[in-house]
Amino acid sequence: MQPNRPVAPGRPPSQQYSPFSVPGSASATASRPFLPGPTQPMRPEQPPSQPVYPPGASVQGFSVHSASSTPLAGSEQNYPRATPPVRSNGPVAPFQLSPNLPPPRGGAASFFHPAPGGPVIGQPIMPPSGSSAVQQIAPTSGPRLPLVASSASVPMAPPPQAASYMSLGGNFPPPPIQSSSEYPLGRTSLIPSSASPMPHSVNQPHQGGQGGQVPFFAQRTSFPSPQPGIPAQQHLTQQGGPLGYAGAVPQPPMLSSYMDAQKARAPPSYPMAGPPAGGIQGLVEEFQSLSVGSVPGSVDAGVDPNLLPRPLDEADLEGTSSSSIYVSNCLPRHLRFTTNAIPNSQSLMARWHLPLGAVVHPLAEAPNGEEIPVVDFGSSGIVRCRRCRTYVNPYVTFTDGGRRWRCNVCSLLNDVAGEYFAPLDINGRRRDADERPELSKGSVEFVAPTEYMVRPPMPPLYFFLIDVSLSSIRNGMLKVAAETIKSSLDKLPGFPRTQIGFLTFDSALHFYNLKSSLTQPQMMVVADLDDPFVPLPDDLLVNLSDSRHVVEALLDSLPSMFEENTNIESAFGPALKAAFMVMSQLGGKLLIFQSTLPSLGFGRLKLRGDDPRIYGTDKEHTIRIAEDPFYKQMAADLTKYQIAVNLYAFSDRYTDIASLGTLAKYTGGEVYYYPSFHANLYKEKFSHELARDLTRETAWEAVMRIRCGKGVRFTTYHGHFMLRSSDLLALPAVDCDKAFAMQLTLEDTLMTTQTVYFQVALLYTSSSGERRIRVHTMAVPVVTDLGEMYRNADTGAIICLLSRLAIEKTLSHKLEEARHVIQLRIVRSLQEYRNLFAVQHRLSGRLIYPESLKLLPLYGLALCKSLALRGGFADAHIDERSAAGFNMMIIPIKKLLKLLYPSLSRLDEYLLKGEDDGKASLQRLVLSAERLDPRGAFLYDDGFRFVLWLGKVLPAEFVKNLLGVEAANSPDLSKLPVIEQNNELSRKLLATLKTLRERDPAFYQHCYLLRQGEQPREGSLLLFNLVEDQIAGTSGYVEWLLQIQRQVQQK
C-alpha cells in the first residue's frame, strides 16, 4: 500500500530580514504504510537545521582576547523576508538573488584594530558592565584578510551580484543554474549533480527572489577598520533609536588556556518565557569564535587541530535539561528536545534552521536501580483531562479549595473526584502533592483499568522462523541459535504464561507439534508454497511451562536433523505467511533467522545490489527500498495483529536487507546483520544479542502518543513503528533499546503562552499481563530571542533527528543529496547565528558558534562519513549500508553519538601499567591515523565492535603474551578469536573488554584483530572510520571547518 507523502507548505511571511537567512526545505518524510482506518495526511516538515562549533581558545599560534556582545532587542531586524513557494518532492534549484530586495544595513565585520596605546591583538579586553565575556581566537601569525582603514561608521555592502569561486582542495561546485520551469527560482533545495564520495562544497543559500544568477561563492569583501580611538562596539538600533556605549575598558587577567577561558565565562541565566521587560533586552549573548585558515584552499599553519572541540569525555554524550527551572520535568534520558526553548513565532522558528523536535526514549533503563513509581487509582480510574485526555501531572493546578483542577495542556477546569480530593495549603498546592508521585514526578507509570483493554492482555509469545538451508548449516547459525534459545528458556519473561512455537524452512515448510502429552516433537512438512496451510493449528503454539521437555527435545535435535541438508533454496515468503497465520490469534514477537536470499514462492527476491552503474543516477535509491510490495503489505498485516518482527540475517552474499528489513521497520522491530558469519568467530556476539532480545523486559501490544500544549503540534515521526492515525504510533513490541524522533511545528503565528507542556504516554501490556501507561511530562519555556534557542540547543537530539531525516532521504534521493542537506543546514544555521553579531562585532574571517553546539560540525561530518551515508558503490556493501540505516533509525542518542565518534585508546601502555586501583580507564584519543603509533596497540570501540590494531614494530613477545603464539606468527589475523592466555597481560585484556561491554549490554562488541598494513581489512575496519582524516576523497575535520567557514561568510 502506498503511504501518503507530505508536501510542506511555504513558510509564512516574516517581519525580519537577514542577508544570510533563507527559507529552508525540510527533508522528505519517509514513506510509511498506514493501517486500515481513517487516514490523515502527514503534516509539513520543519525548516532545516544547523551546526555548532568548537570554543576556540589557546590554539597554537592563536591567542585569546575577550569582547562583549549585546544583541538587538528581540534579536530580529525589521526587514521584509520573501515567502518561498510550496516545496515539492522533486529536485529544485537554489535561490536566485533578487536585485529588488533592500540592501542589508549595519556595520561591517572585520578584525578590530585597537587604538594607539591600547591593548594589542591577543590581549583581553574587558566587556562593558553587564555583558558576558566572549571568546575569540585571532591568529597571531599566518595570512589574514586584507584590512583597510575607515571611519567609525561602516555601512554593510549589498549582497554581491557577481560570484567567483575560491578553490579548496580541488573541489569545484557546479555552475550557476538558470531559472527554468523545472527548477523555479525562489526556493531552496538540492541541485542534482554528479556523485561524489563525500560533500566537499555546498551550494550557497541565497535570499529568494526573481532575476539574476546565484553566486555559489561570493567574492570576499574587505571592510574598513575603525579609526583609532573609536570603541569596538557598534551603535545598536532598536525601534528606530540609537543606543551607544562609552567609557574606558579595563583589562582582566590574561586567559592562559582553553580551560581558563571556559571558567571565565559566566553561565548564562536561563531565559524565562515571554518578552523581556524594558526597552533594551537585558540578556547578553555568549558566543565563541574560531579563525581557521584565512586563505581559501590552505590551512593556516597556526591552527592546532588537537585543540578543536571533540567529545572525548562521557559527559559530552549526556543531554541538557531545563530542570533548574522546571524541577518536575522528566529526565533527559526519556525525552530530549533539539532546543530547550520553543520559539514564540513562526518568523522566529523560520530562522532556526536546525530541526525543531524531540527524541523520545520511553523505556530507557534507569541507572543504579532507580525505579519509575507505579500509581494505581483502583476503581476510581486514572485522573485525566476530560477534553484533551492529558494525564494528571505535576504541572496541573488545583483551585476552588482543591475541588477542581486546571489542565496544563488545554487549560480546561476538571472536577476532582471525592476519593481523590485533598485540601490546599496557603500557596494553593495540594498538601499531599509530595506524597503522590503523579503530582511530584515527571515520569510515572499508571496501572490501567479494564477500559484500556480491547482484549484480555496477551501472554508473551515467541515464535522462531528459522532458515535451515545449506548456508545455515555450513556457517553454524542453526546450532548456535538452538543452543542460545535453549539456554534462555528459564529467563523468558512472563512465566508461567509464556507461549512458544517453531517453524523451519528451506524449499518446504516444516511445522512442529509440541503438545505437552508428547515425548518427542512431531514434524509436519508442507510443500505447497502457493497456498500454504497450517496443520494442527492448536498444537503449534504451546505454553512453555507445560511443554518444556518437548521444546528442549526439539532444540537438541534441530542441528542434527538438518546437518546433511543440501537444499540451497529459501521459501521465505510462504514461511512468513504461515507464521502469520499461526500467530494472528495472539500476536507476539516473530524472530526470523535468514541465511539465503528468498528464492521460492511469493516474496522471492532477485540480485539487484551489485550494479555500480545505478549509483549517481535517479534510480540509485531504488536499491535501498523494498523491491517487492509483499513485504510492506505483510508488515502492515503483522502490525494489525500485534506481531513484531526481529530479523537476524547471516550471509556473505547479497541478501536484500532493504526488503527484508521492511518487516522490522513497520512492526517496531530490529535488524541484526552478521556479514560473513561463522560460528567459530561470531558465536559470542550472536548468542549474546539473541539472548538479550529474548530476556529483556518488553512492552507488548503498545501504542504511543505525545501530547503538546496549545499552539504547537508534532508533524512527522521517525523510527520503527506504524502510524495508526496522524499521531498514534503502533508498537506491537517495544523495549529499552529503542528510541523515537519527531518534528515539531507552530500552529499559531504568534504564541501568547510562556510555557509549552509535552506529555508522552505509552500504553502497553507488561510481561506479567498487567496493562500499564508510562507517562513522561516536560515543560519547555517559550522564548522571543533566537539567541536563547541556540544557547539551549541539544547537539545530541539535533544529530539524532538529522540522521533519521538523512537516512529517510536516501530512500527517495541519492546519497550525495542526503549528505548535502546535512552540510547545508549546518552552514545556514551558522550564517543565521553569525547575523546576530555581525553588526555589533568585527567578525571578518571568523567562524562563530554557541557553546551548546560546539560539537555539531564534527558530528555532522561523522554522519556524512557513517556507513549508512558515505560514498557510493565502492564504499559500502549495499546490505551493510541498509542494515546500518535500520540500526541508526532506532538507537538512542547516546548510542548514536558513540557510533558516530567512537573511542580510540592506546591499549599496550594501559595493560603494562600493572595492577591499578580499579578506577583507571582508557584514555580516549583523537580519531586520526596520526595517533596510531607503530610501536603500540590501539583499541577502537564504536559500541558495536572492537578493533584491536597492532603496530608493525610492536614487540612480538607482547603480541604472543596478549593473543597467543599463533597470533604473533600469523600474517592473517582475520580468523583468529581473542581467547585468554595463561598470563596476567591477557587476563587484563579480557577483563578490560568485559568491562567495556557491560557498560551497554544492548550489543556485543566482537573484537577484530588487525595488523598495521593488512589491507583491505585495515581500511574497512579502521581507517575509513577515523572521521577526522582525509581518506578516499573525503574531507577531514579541519578541511570540513574551512569549507563551512568559507560558505558561512558568503553573502
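Each value, and the rule that gives it
Residues numbered from 1 in each chain as written. Predicted model: local features only at pLDDT ≥ 70, side-chain atom pairs only at ≥ 80, totals over all residues. Heavy atoms only, no water. Helix = DSSP H or I, 4+ residues; strand = E, 2+ residues; numbered from the N terminus. Contact = heavy atoms within 4.5 Å. Areas by Shrake-Rupley, 256 points an atom, 1.4 Å probe, with all protein chains shown as cover. Polar contact = N/O pair within 3.5 Å; in protein donor to acceptor, adjacent residues only side chain to side chain. Pairing = 2+ DSSP bridges. Axes fitted to C-alpha atoms, helices over the stretch in contact; angles between N-to-C directions. Buried < 20%, exposed > 50% of the residue type's maximum accessible area, 1.4 Å probe, protein only. Expected span 1.5 Å × (residues − 1). Parallel < 35°, antiparallel > 145°, perpendicular 65-115°, else oblique. Left-handed = near helix turned anticlockwise from the far one by under 90°. Nonpolar A, V, L, I, M, F, W, Y, C, P; charged D, E, K, R; others polar. Salt bridge = Lys/Arg side-chain N within 4 Å of Asp/Glu carboxyl O. pLDDT = per-residue confidence, 0-100.

Student: Just checking my understanding: could you explain the overall build of the protein chain for this structure?
Tutor: Broken down by element type, the protein chain carries 22 helices and 35 strands. Contacts in the protein chain between residues far apart in sequence, at least 24 positions, make up 80% of those at least 6 positions apart. Surface exposure of the protein chain reaches about 38900 Å², of which carbon and sulfur atoms provide 53%.

Student: What is the right way to look at the environment of Trp1040 in this model?
Tutor: Along the chain, the position of Trp1040 falls in helix 22 (residues 1037-1049). Trp1040 sits 179 residues away from Leu861 along the chain, and the two C-alpha atoms are 7.2 Å apart. Polar side-chain contacts of Trp1040 include one of 2.9 Å to the backbone oxygen of Pro857.

Student: What is the right way to read the sheet that holds strand 34 (residues 945-950) from this model?
Tutor: Hydrogen bonding along the main chain pairs the strands of a sheet, whether they run parallel or antiparallel. Taken in spatial order, the four strands line up as 32-33-34-35 in an open sheet, and their pairing is mixed. Two strands lie at the open edges of the sheet, namely strand 32 (903-906) and strand 35 (1006-1011), each paired on one side alone. Across the sheet, the mean angle from the axis of one strand to that of its neighbour is 20°, orientation sign disregarded. Here strand 33 (residues 937-941) runs beside strand 34; their pairing, made up of five bridges, is antiparallel. From the neighbouring strand, Asp941 faces strand 34, where its bridge partner is Phe946.

Student: In this structure, what is going on with helix 15 (residues 878-888)? I would like to understand it.
Tutor: Because an α-helix packs 3.6 residues into every turn, residues spaced three or four apart end up facing the same way. Within helix 15, ten of the eleven residues are buried, leaving the element largely enclosed by the surrounding structure. Among the residues of helix 15, those classed as buried are Ile878, Asp879, Arg881, Ser882, Ala883, Ala884, Gly885, Phe886, Asn887 and Met888. Tucked inside the fold, the buried residues of helix 15 contact helix 9 (657-665), strand 23 (670-675), helix 12 (795-809), helix 13 (815-835), helix 14 (856-864) and helix 16 (893-900).

Student: Hey, could you run me through helix 12 in this one?
Tutor: Along its 15 residues, helix 12 runs 21 Å from first to last C-alpha, staying within 8% of the 21 Å computed at 1.5 Å per residue. Burial analysis of helix 12 places 15 of its 15 residues in the buried class, which makes it a mostly covered element.

Student: Teacher, can you tell me more about the packing of helix 12 against helix 14 here?
Tutor: Helices that pack against each other are described as a pair by the angle of their axes relative to one another and the distance between those axes. As a packed pair, helix 12 and helix 14 sit with axes 10 Å apart at the nearest point and diverge in direction by 25°. In terms of orientation, helix 12 and helix 14 fall into the roughly parallel class. As for the relative orientation of helix 12 and helix 14, their crossing is right-handed in sense. On helix 14, the residues that touch Thr795, Ile798, Ile799, Leu802 and Ser803 of helix 12 are Leu856, Tyr859, Gly860 and Leu863. Residues that form the contact of helix 12 with helix 14 fall into these classes: six nonpolar, three polar and no charged.

Student: I keep staring at the side chain of Asn983 and nothing clicks. Help me out?
Tutor: Tracing the backbone through its elements, the reader meets Asn983 in the loop between helix 19 (965-969) and helix 20 (984-999). Of the residues examined, Asn983 reaches a relative accessible area of 17% and is grouped as buried. Within the structure, Asn983 has its side chain in polar contact with the backbone oxygen of Asn961 (distance 2.7 Å).

Student: What exactly am I supposed to notice about the pattern of salt bridges here?
Tutor: If the charged atoms of two oppositely charged side chains come close together, the side chains can form a pair. One pass over the full model with this rule turns up 45 salt bridges. Between Arg791 and Glu788 there is a salt bridge, with its nearest N and O atoms 2.4 Å apart. Placement of the pair is Arg791 and Glu788 together in helix 11 (residues 786-791), with a separation of three residues, close to one helical turn. With a relative accessible area of 15%, Arg791 lands in the buried category. According to the relative accessible area criterion, Glu788 is buried, its value standing at 1%. One salt-bridge network, held together by shared partners, links Glu365, Lys589, Glu670, Arg692, Asp693, Arg696, Asp735, Asp737 and Lys738.

Student: Would you mind showing me how to read the confidence of the model for the protein chain here?
Tutor: In regions of low pLDDT, the predicted coordinates are not meant to be interpreted in detail. Across the protein chain, pLDDT averages 76, with 69% of residues at or above 70. Long-range and interchain partners of residues 1-286, a stretch whose pLDDT sits below 50, account for 763 contacts in this model, where long-range means more than four residues apart. The model gives residues 293-302 a pLDDT under 50, and that stretch makes 31 contacts with residues more than four places away or in other chains.

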